[in-house]
Amino acid sequence: MQGDTYAEAFENIQDAMEGWIETKLENGLSIPKPVDESQYSGKFVLRVPKTLHARLVMEAEKEGVSLNQYALYRLSM
C-alpha cells in the first residue's frame, strides 16, 4: 500500500493515473477507452480433457465447493 491510510493510498493512485494520462496526452499517445462491462454476461464455455475435468471435480469435492466455485478460484489466482 502506498500511503499510511486507505484514503491516502487511493489519493496516490488517483494522482498516478492523472500523471499517466497527462504523459500520454503530452506525447500524442492514445488513451484506451474504459471497458463497458455490461457487454459481458459472466459466462463462457471451456472444453477440457476428461482427465482434467475429473481432477478438478475431485479437487472441488476435497475443498467442499462446487466445480464452478473451484474453477473461479483457480482462474483468479
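A quick note: this is a predicted structure, and the numbers were derived from the prediction, not measured. (Residues numbered from 1 in each chain as written. Predicted model: local features only at pLDDT ≥ 70, side-chain atom pairs only at ≥ 80, totals over all residues. Heavy atoms only, no water.)

### With respect to the overall build of the protein chain
Helix and strand counts for the protein chain come out as three helices and zero strands. Counted from the first residue to the last, the protein chain has its helices and strands arranged as α-α-α. Here the C-alpha atoms of the protein chain give a radius of gyration of 21 Å, more than 25% beyond the 11 Å that 2.2 N^0.38 yields for 77 residues. Dimensions along the principal axes, computed over C-alpha positions, put the protein chain at roughly 55 × 35 × 20 Å. Counting across all 77 residues of the protein chain, residues that qualify as buried make up 6%. Of the roughly 7,500 Å² that the protein chain leaves accessible, carbon and sulfur atoms contribute 57%. Of the charged side chains in the protein chain, 8 are positive and 12 negative, and the gap between their average positions amounts to 22 Å. (Helix = DSSP H or I, 4+ residues; strand = E, 2+ residues; numbered from the N terminus. Rg over C-alpha atoms; globule rule 2.2 N^0.38 Å. Buried < 20%, exposed > 50% of the residue type's maximum accessible area, 1.4 Å probe, protein only. Areas by Shrake-Rupley, 256 points an atom, 1.4 Å probe, with all protein chains shown as cover. Lys, Arg positive; Asp, Glu negative; His and termini not counted. Charge placed at Lys NZ, Arg CZ, Asp CG, Glu CD.)

### Re the pattern of salt bridges
Tallied over the full model, the rule gives two salt bridges. For E59, the salt bridge is made with R55, and the minimal N-O distance between the two is 3.4 Å. Placement of the pair is E59 and R55 together in helix 2 (residues 50–63), with a separation of four residues, close to one helical turn. Between E59 and R74 there is a salt bridge; the shortest N-O distance is 3.5 Å. Taken together, the residues span a long stretch of sequence, with E59 in helix 2 and R74 in helix 3 (residues 67–75) at a distance of 15 residues. Here the residues in one salt-bridge network are R55, E59 and R74, joined through shared partners. (Salt bridge = Lys/Arg side-chain N within 4 Å of Asp/Glu carboxyl O.)

### Notes on a negative patch on the surface
On the surface, D4, E8, E11, D15, E18, E22 and E26 cluster together to form a negatively charged patch. As for its placement among the helices and strands, E26 is situated in helix 1 (residues 6–26). (Patch = residues over 30% accessible without salt bridge, like charges linked within 9 Å, V, L, I, M, F, W, Y side chains within 5 Å.)

### A few points about the packing of aromatic side chains
By the definition in use, this model includes one aromatic pair. Where Y70 meets Y73, the ring centres are 6.2 Å apart and the plane angle is 45°; that geometry is what we call tilted. One end of the pair, Y70, and the other, Y73, are both in helix 3, three residues apart, so they sit about a helical turn from each other. Exposure remark for Y73: the relative accessible area of 47% places this residue in the partly exposed category. (Phe/Tyr/Trp six-rings, centres within 6.5 Å; stacked < 30°, edge-to-face > 60°.)

### A short note on the environment of I13
Along the chain, I13 turns up in helix 1. Separated by 17 residues in sequence, I13 and S30 place their C-alpha atoms 20 Å apart.

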